[in-house]
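Coordinate analysis (summary)
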Amino acid sequence: MGIQGMELCAVAVVILLFIAVLKQFGILEPISVEDGGDGDFELSAVRHQPEGLEQLQAQTKFTKKELQSLYRGFKTECPSGLVDEETFKLIYSQFFPQGDATTYAHFLFNAFDVDGNGAICFQDFVVGLSVLLRGTVHEKLNWAFNLYDINKDGYITKEEMLEIMKSIYDMMGRCTYPILKDNAPAEHVEMFFQKMDRNRDGVVTFEEFVETCQKDENIMSSMQIFENTI
Ligand SMILES: [Ca+2]
Ligand SMILES: [Ca+2]
Ligand SMILES: [Ca+2]
């Protein structure tokens with residue numbers, strides 16, 4: 001995998017891995033099903049959620065039927081209605097048995113747990129999912145930026161990017177990419193900053209991030225491919 005590939009990876013891995021998780025949850029398939037048949041039951045189930053179906057419809061780009069399907073899948077996999085970090089890590093480790101996915105799963109979990117209460121509820125889940133599946137390029141980039149900005153102060157530092165890169169390498173494991181050198185994550189961070197940090201002040205702002213990504217055909221086309229897959 002070349003430098004270009006790794007940069008692509010930094011943005012796309014978030015999204016692609018998430019599809020894998022959805023398949024694991026058995027959630028992706030029902031989205032395309034137009035008529036579930038048991039809509040009334042599901043509707044009443046969703047109504048018991050404090051958020052309410054209509055509010056979720058307003059917050060996401062899913063239809064009522066899709067929300068019902070998603071809720072059914074979510075409830076089947078998580079009867080408690082909440083996903084904690086341990087469960088999230090467990091799911092990711094199943095996909096990367098040769099690597100260590102715990103750190104990356106931790107960062108991803110935080111990106112979904114918007115209110116930071118340590119649990120992903122159905123609302124957290126569908127709002128994040130809506131951005132990843134149906135969001136505009138700007139919304140998706142905002143989501144990715146938020147993932148990399150670990151302390152959420154509005155800047156991506158080299159230290160933060162290094163942590164993210166290391167976690168991606170850890171997750172992929174040596175067996176998959178045996179040619180990787182120990183300093184590969186640091187080299188990729190340097191490449192990332194050479195491209196993204198346009199004013200050379202040592203941090204990447206959201207504006208810099210968006211501007212660079214939108215000029216990068218690889219990143220943009222990866223998002224297109226993704227949209228067409230769903
Ligand atoms: Ca939460
Ligand atoms: Ca930061
Ligand atoms: Ca900068």
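Residues numbered from 1 in each chain as written. Chains lettered and ligands numbered in written order. Predicted model: local features only at pLDDT ≥ 70, side-chain atom pairs only at ≥ 80, totals over all residues. Heavy atoms only, no water.

**Describing the overall build of the protein**
We apply this condition: Put simply, DSSP H or I for four residues or longer makes a helix, DSSP E for two residues or longer makes a strand, and each gets a number counted from the N terminus. Each residue gets one of three labels from its accessible area relative to the maximum for its type: buried under 20%, exposed over 50%, partly exposed in between, using a 1.4 Å probe on protein chains only.
Check the secondary structure of the protein and you find 13 helices and four strands. For the protein, buried positions account for 49% of its 230 residues.

**Describing helix 9 (residues 137-148)**
Count 3.6 residues to each turn of an α-helix, and residues three or four apart come out pointing the same way. Worth spelling out the cut-off: Take the number of residues in a helix, subtract one, and multiply by 1.5 Å to get its expected span.
Between the first and last C-alpha of helix 9 there are 17 Å, a value that for 12 residues agrees with the 16 Å anticipated at 1.5 Å per step. Listing the buried residues of helix 9 in full gives Lys-140, Leu-141, Trp-143, Ala-144, Phe-145, Leu-147 and Tyr-148.

**Points about the environment of Ile-91**
Note that Ile-91 resides in helix 6 (residues 85-95). Separated by 14 residues in sequence, Ile-91 and Ala-105 have C-alpha atoms that sit 8.9 Å apart.

**Details of the environment of Tyr-104**
Of note, Tyr-104 is situated in helix 7 (residues 102-112). Residue Tyr-104 is classed as buried on the basis of its relative accessible area, which comes to 0%.

Any functional reading would require information that these geometric values do not contain.
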